[in-house]
Amino acid sequence: MKIAMLGSGFIARFYAESLHAQRRKDHVIMVYSRNQANAERFAKDYGLPFYSTSMEEAISHPDVDVVLISLPNHLHEAAVLACAKAKKHVICTKPLGRNAQEAKRMLDAVEEAGIFGGYLEDLCYTPKFLKSMESVKRGDIGRVLWTKSREAHPGPHSDWFWDKEKSGGGAIIDLGCHCVEISRNFIGKNIKPVEVMCWADTQVHPIDAEDHAIGLVKYANGAIGQFEVSWTFRGGMDLRDEVMGTEGTIWVNSFLRTGFEMFTTGKGGDGYVAEKAESNSGWLFPVGDEAHELGYPHMFTDMFTAIEENRDPLETFYDGYVVNAILDAAFKSADSKTWEPVILEDWRGDEPEDRQKDWESYDDDHYLIKEEILPNGDVTVILKHKKTGKVSSKVTLS
């Protein structure tokens, strides 16, 4: 694929490094930036034949197959609409929109134009996440009951993130989009998100948006997705996921503590350690292949293969829309201090059904509550009588 990169900042460079690494066949050939000097520098750094300060020119270039949007949040919609007008396939960085209304307009434009729309949710493509999803789909941990996703670091790198109007919010819109979509995958994208309870506050930074938030997303099947997001965490970038099911549990640590630790006095220089690392001395946590650990190669492989095979990618514009709708409810809940409904004008999953409790039977008369081996080797079984509700125990001596 020949790619037009819209944007020349931090995430655009991360994407370009991933796309041009290890003899990959998909290459950026055009970069658009609102700043002439930035466009020229980016083109020089990555050996691009074309650059432009005109978004329309970059998108409509005849050699471009697909447009990659790595612009600030408030510019996503205009870029997507321009791609739809030019009939060019588009993949967009997270979040899709600043709110569900923006995301829905982008989704509609892409579908009406008949072009490909891929949602670049990289943390749903990390090797550990993909391996975890295989286990979940195989039924290794049973029915998923609860998920927990955490992303915390000392704050983003560009000024527009800190501008509530341009970004659409604070830590919730920046980091919550990752956490919510991770949970949706584990619980099942076909399961409807119903309502959200969220606490948020501005604890450290002199900004209008929240820099710390914790939320619960309730799903129609009774599962709960929990997110923890913060721009107040010191010491690097902390990415962790947990999944609890009826038959097992998964814990994933994706970034801060990945098994690579190093101590240095810092006399070696000011070299790059890892994204959001705050120091180059003391105990450090470098990342061996940062792009790989964050899922970029798997993400782009899925996107471009999906275009070639005329299929949906794992993460679509529709997914981005659902995520925005959940985050809208989180913002409302943070203000109202109550559960707020998730408003989805366009729901394409399963319709909610009455949930029936299916308790495990021990025998004809009892449900099994728990079975446990005691320190002395005895086996105790906790039972509940099906008719009377009486709880009792049964011990088998070792």
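So, here's what we can say about the structure. None of these values were measured; they are calculated from a predicted model.

Cut-offs applied
- Residues numbered from 1 in each chain as written.
- Predicted model: local features only at pLDDT ≥ 70, side-chain atom pairs only at ≥ 80, totals over all residues.
- Heavy atoms only, no water.
- Helix = DSSP H or I, 4+ residues; strand = E, 2+ residues; numbered from the N terminus.
- Rg over C-alpha atoms; globule rule 2.2 N^0.38 Å.
- Contact = heavy atoms within 4.5 Å.
- Areas by Shrake-Rupley, 256 points an atom, 1.4 Å probe, with all protein chains shown as cover.
- Lys, Arg positive; Asp, Glu negative; His and termini not counted.
- Charge placed at Lys NZ, Arg CZ, Asp CG, Glu CD.
- Patch = residues over 30% accessible without salt bridge, like charges linked within 9 Å, V, L, I, M, F, W, Y side chains within 5 Å.
- Salt bridge = Lys/Arg side-chain N within 4 Å of Asp/Glu carboxyl O.
- Buried < 20%, exposed > 50% of the residue type's maximum accessible area, 1.4 Å probe, protein only.
- Core = buried A, V, L, I, M, F, W, Y, C linked by side-chain atoms within 4.5 Å.
- Pairing = 2+ DSSP bridges.

Of regular secondary structure, the protein possesses 11 helices and 18 strands. In terms of overall dimensions, the protein is globule-like: its C-alpha atoms have a radius of gyration of 24 Å, near the 21 Å expected for 398 residues. Dimensions of the protein along its principal axes, counting C-alpha atoms only, are 80 × 55 × 45 Å. Counting only contacts in the protein whose residues sit at least 6 apart along the sequence, the fraction spanning at least 24 positions is 65%. Accessible area of the protein: about 19,200 Å², with a carbon and sulfur share of 49%. Charged side chains of the protein number 45 positive and 63 negative; the gap between the two group centres comes to 1 Å.

Here the focus is a negative patch on the surface. A contiguous patch of negative charge, built from D350, E351, E353 and D354, is present on the exposed surface. Its relative accessible area of 42% is what places D350 among the partly exposed residues.

Once that is clear, we can look at the nonpolar core. Among the nonpolar cores identified, the biggest contains 113 residues, and M5, L6, L68, I69, I91, F300 and F317 are the most heavily contacted of them. If we ignore the near neighbours within four places in the chain, the residues touching F317 are V80, V90, C92, L96, M106, L107, V110, G117, G118 and Y119.

This part covers the side chain of N73. Inspection of the secondary structure puts N73 in the loop between β4 (66–69) and α4 (76–86). In contact with N73, not counting residues within four places along its chain, are K94, P95, R98, W160, K166, S167 and I173.

Within helix α1 (residues 10–20), the full set of buried residues consists of A12, F14, Y15, A16, S18 and L19. Remark: Q22 follows α1 within two positions and exhibits a positive phi of approximately 50°.

What follows deals with the pattern of salt bridges. Tallying each qualifying case throughout the model produces 25 salt bridges. With its nearest N and O atoms 3.6 Å apart, the salt bridge here joins K189 to E181. For E195, the salt bridge goes to K218, with nearest N and O atoms at 2.9 Å. In this pair, E195 sits in strand β8 (residues 193–201) while K218 sits in strand β9 (residues 212–219), placing the two residues 23 residues apart along the sequence. A residue is classified by how much of its surface remains accessible, and K218, at 28% relative accessible area, is partly exposed. A single salt-bridge network, built from bridges that share partners, covers K148, R150, E228, D238 and R240.

This brings us to the pairing of strand β7 (residues 144–152). Looking along a regular strand, one sees side chains alternate from face to face of the sheet. Bridge count between β7 and strand β11 (residues 238–245): 8 bridges; the pairing is antiparallel. Bridge pairing links S149 to D241 in β11.

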